[in-house]
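Here's the letter readout for the chains.
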Amino acid sequence: MTGIEVRSPADGSVVGVVVDQQHDVADTVARLREHQPGWDESGVAGRARWLRRYRDWLLDHEDDIARILQAETGKPWAEATMEVPYVADVINYYCKHGERFLTDDTPGAHGPMTLTKRQRAVHRPYPVAGVITPWNFPVALSLMDAIPALLAGAAVVVKPSEFTPLAVGAALAGWTEIGAPPVLACLTGHGDTGAAIVDAVDYVQFTGSTRTGTAIATRAAERLIPCGLELGGKDPMLVLSDADLDRAANAAVWGGICNSGQMCTSVERIYVEAPVYEDFVSRVVARVRELRQGTDGADRDGYRYDVGALANQAQLEIVRRHVDEAVEAGAKALVGGKPTGTGTFFEPTVLVDVDHSMACMREETFGPTLPIMKVADADEAVRLANDTPYGLSATVWTRDTRRGERLARRLEAGAVNVNDVFTNLFALPLPMAGWKQSGLGARNGGAHGIRKYCRSQAIVSSRVTPRAEPMWYPYRPLRGRLLRRLTRLVMARDIRRRLG
Ligand code: NAD
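Reference entry: report on the structure contained in this document.

**A closer look at the side chain of Lys-159**
Looking at the element boundaries, Lys-159 is found in strand β5 (residues 155–159). There is a polar contact of 2.8 Å between the side chain of Lys-159 and the backbone oxygen of Gly-189. With near-sequence residues (within four places) excluded, Lys-159 lies in contact with Val-131, Ile-132, Thr-133, Leu-187, Gly-189, His-190, Thr-193, Gly-194 and Ile-197.

Put into structure tokens, the structure is as follows:
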């Protein structure tokens, strides 16, 4: 077995080693399959009990998990401590509503054929779900999908990113530590391990790049298994002249630079109506200049820094290319613009004089950059916002909330926050779905968030059981004509056809 070294992006030091478990996938999934029926039979209430115990364990070990997260991601302490509370909220939400979400649907008869039948739609879990995740929010992204799958009654195998497998491994170890049934496993490895999981499970939930998502969807289609894809984005921010510029500038800076810009729903490009452009830009620049960048920690100077490192060298090179190419093509970096020279830190950067021929406005940057473009009016902002293959989320800024919501309906994005950033991520009753190249299917969205891990089964029972139904053999002319008359009487909506 080969080992994978996990390095701190902040200083390049080795912070752990994991095994490449590509060849363990088949056995692990087979074991999960053995235990899944018992897990399913334990019922929603039984499963929720385990998940609540697991929530308590996670909260008790929050700092330990955050320390590991910080070491492998280079996040500042404030951001390393965001993930476990998010997961606790997800557990609470699904445990509170799971029973209702998974209750059989019992629709009444919609027509004469089912008048004497009892109809049920039953939600039965896929036996094993694979959850494959990226490096930007390793714990939150792994568990926010694993939890509804587990509560649905599925067994789950999680494959964290090869760059950040340690905190996920530590968090999932808690499941074993509380003595929960062995229906949750973690397998570490590169993309090949992920591909082997896609080949072994019954449902794949993937979060990551559009390129990998496309490969997974192709393979899932060949196997005829469903997959949910949460992919990349190039989220626009539209600032209208009547916006609260102070709040909008604060939001742009946090929304674009939080987690070093490595957030699927980061503000990646900003369009500002001409009358407030200069004012908005100067507020953003002032805020960005105040940001403190570096490595803090729980034990030494927690909350000392706002901005951490990028996750790896490849990510740094993407950000550098987007900024360098823009500057070469005539853009200006009003603040930042280059790596700091330490680890994979890149200076928080504000770019102006940008246009849509530049990679920084078209490709996902996933870095601490804020390219800002002046537009004539809201129509131009909407047109440019939609000029992208992505459609993850967007934000609109105006004091006229109704106008903001009307503009939201013209945006091609799975979520729009009006006068806010990221809040939709916390709105678990709403679907989180990438449109266009940003995804397939949705996570969350109330009952959908848990039912997606289930196959629906229709169960129809006869309440009245004569020797034979009128439609059955043998066919007789009199009965046939009578049936046709009755059918028309019920189906048609006008007198002539009813009686004809
Ligand atoms: P990635 O696609 O390179 O890797 C993601 C995961 O897929 C890793 O665990 C990797 O090992 C695995 N993988 C790679 N090749 C595979 C294959 N052929 N089959 C199965 N698994 C395979 O993504 P990344 O660079 O780790 O993450 C960054 C991307 O994630 C960005 O594009 C970002 O926008 C996206 N993202 C999206 C969301 C969302 O909810 N929409 C959230 C966070 C991140």
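Back to the text.
**A look at the sheet that holds β5**
Pairing in this open sheet of six strands is mixed, and the strands run β6-β5-β4-β7-β8-β19 from one edge to the other. The sheet is open, and its two edges are formed by β6 (184–186) and β19 (439–440), each paired on a single side. Taken together, the four bridges between strand β7 (residues 203–207) and strand β8 (residues 227–230) define a ladder with parallel strand orientation. Its bridge partner lying in β8, Val-204 is registered against Cys-227. Strands β4 (128–132), β5 and β6 of the sheet are contacted by helix α1 (residues 25–41), whose axis makes an angle of about 155° with β5. Taken strand by strand, helix α9 (residues 210–223) contacts β4, β7 and β8, and its axis lies near 170° from that of β8.

**Here we look at the packing of α1 against helix α2 (residues 43–60)**
Contact geometry for α1 and α2: axes closest at 7 Å, N-to-C directions at 110°. Regarding the angle of α1 to α2, the classification is roughly perpendicular. Residues Trp-39, Asp-40 and Glu-41 of α1 touch α2, and the partners they reach there are Gly-43, Arg-47 and Trp-50. Counted by class, the contact of α1 with α2 contains two nonpolar, one polar and three charged residues.

**Looking at the packing of aromatic side chains**
According to the stated counting rule, one finds eleven aromatic pairs in the structure shown. Between Tyr-54 and Trp-175 the ring centres are 5.4 Å apart and the planes differ by 85°, which places this aromatic pair in the edge-to-face class. With Tyr-54 in helix α2 and Trp-175 in helix α7 (residues 166–177), this residue pair connects regions lying 121 residues apart in the sequence. Take Tyr-54: its relative accessible area is 1%, and that puts it in the buried class. Centre to centre, the rings of Tyr-126 and Tyr-203 are 5.4 Å apart; their planes meet at 45°, and the pair counts as tilted. Highlighted residues: Tyr-126 in the loop between β3 (117–125) and β4 and Tyr-203 in strand β7, separated in sequence by 77 residues. No difference in accessibility class separates Tyr-126 from Tyr-203, as the two residues are buried. Each member of the aromatic cluster is reached from another via a ring pair, and the members are Trp-39, Tyr-54, Trp-57 and Trp-175. Here Arg-53 stacks its cationic end above the ring of Trp-50, 4.3 Å away from the centre of that ring.

**Considerations on the sheet that holds strand β13 (residues 369–375)**
Pairing within the open sheet is mixed, and its seven strands lie in the order β11-β12-β13-β10-β9-β15-β16. Looking at which strands have only one partner, the edges of the open sheet turn out to be β11 (332–335) and β16 (415–418). Here the average twist between neighbouring strands, direction ignored, is 25°. Two elements, strand β12 (residues 349–352) and β13, share three bridges in a ladder whose sense is parallel. Bridge pairing links Leu-351 to Pro-371 in β13. Lying over the sheet, helix α11 (residues 274–290) contacts β9 (235–239), β10 (267–273), β11, β12 and β13, oriented at roughly 165° with respect to β13. Helix α14 (residues 378–385) rests against β9, β10 and β13 of the sheet, and its axis sits at about 160° to β10.

**Description of the site of the ligand**
By nearness alone, 29 residues border the ligand, and Lys-159, Glu-162, Ser-209, Thr-212 and Glu-364 come closest of all. Separating an oxygen atom of the ligand from a side-chain N or O atom of Lys-159 is a distance of 2.7 Å. Between the ligand and the protein, one listed contact pairs an oxygen atom with a side-chain N or O atom of Ser-209 at 2.6 Å. When the free accessible area of the ligand is taken as 860 Å², the share hidden by the protein chains comes to 87%. Of all elements in the fold, only α8 (191–198), β7 and α9 reach the threshold of two or more residues within the shell around the ligand. By residue number, the principal contributor to the shell around the ligand is α8, which donates three residues. Its residues assigned to classes, the shell around the ligand comprises 13 nonpolar, eleven polar and five charged. Of the domains in this structure, domain 1 (3–231 + 446–455) and domain 2 (235–424) are the two that each give at least three residues to the shell around the ligand.

So, how was this worked out
Residues numbered from 1 in each chain as written. Predicted model: local features only at pLDDT ≥ 70, side-chain atom pairs only at ≥ 80, totals over all residues. Heavy atoms only, no water. Helix = DSSP H or I, 4+ residues; strand = E, 2+ residues; numbered from the N terminus. Polar contact = N/O pair within 3.5 Å; in protein donor to acceptor, adjacent residues only side chain to side chain. Contact = heavy atoms within 4.5 Å. Pairing = 2+ DSSP bridges. Axes fitted to C-alpha atoms, helices over the stretch in contact; angles between N-to-C directions. Parallel < 35°, antiparallel > 145°, perpendicular 65-115°, else oblique. Nonpolar A, V, L, I, M, F, W, Y, C, P; charged D, E, K, R; others polar. Phe/Tyr/Trp six-rings, centres within 6.5 Å; stacked < 30°, edge-to-face > 60°. Buried < 20%, exposed > 50% of the residue type's maximum accessible area, 1.4 Å probe, protein only. Lys NZ or Arg CZ within 6 Å of the ring centre and 35° of its normal. Near = heavy atom within 4 Å. Areas by Shrake-Rupley, 256 points an atom, 1.4 Å probe, with all protein chains shown as cover. Domains from an automatic or database assignment.

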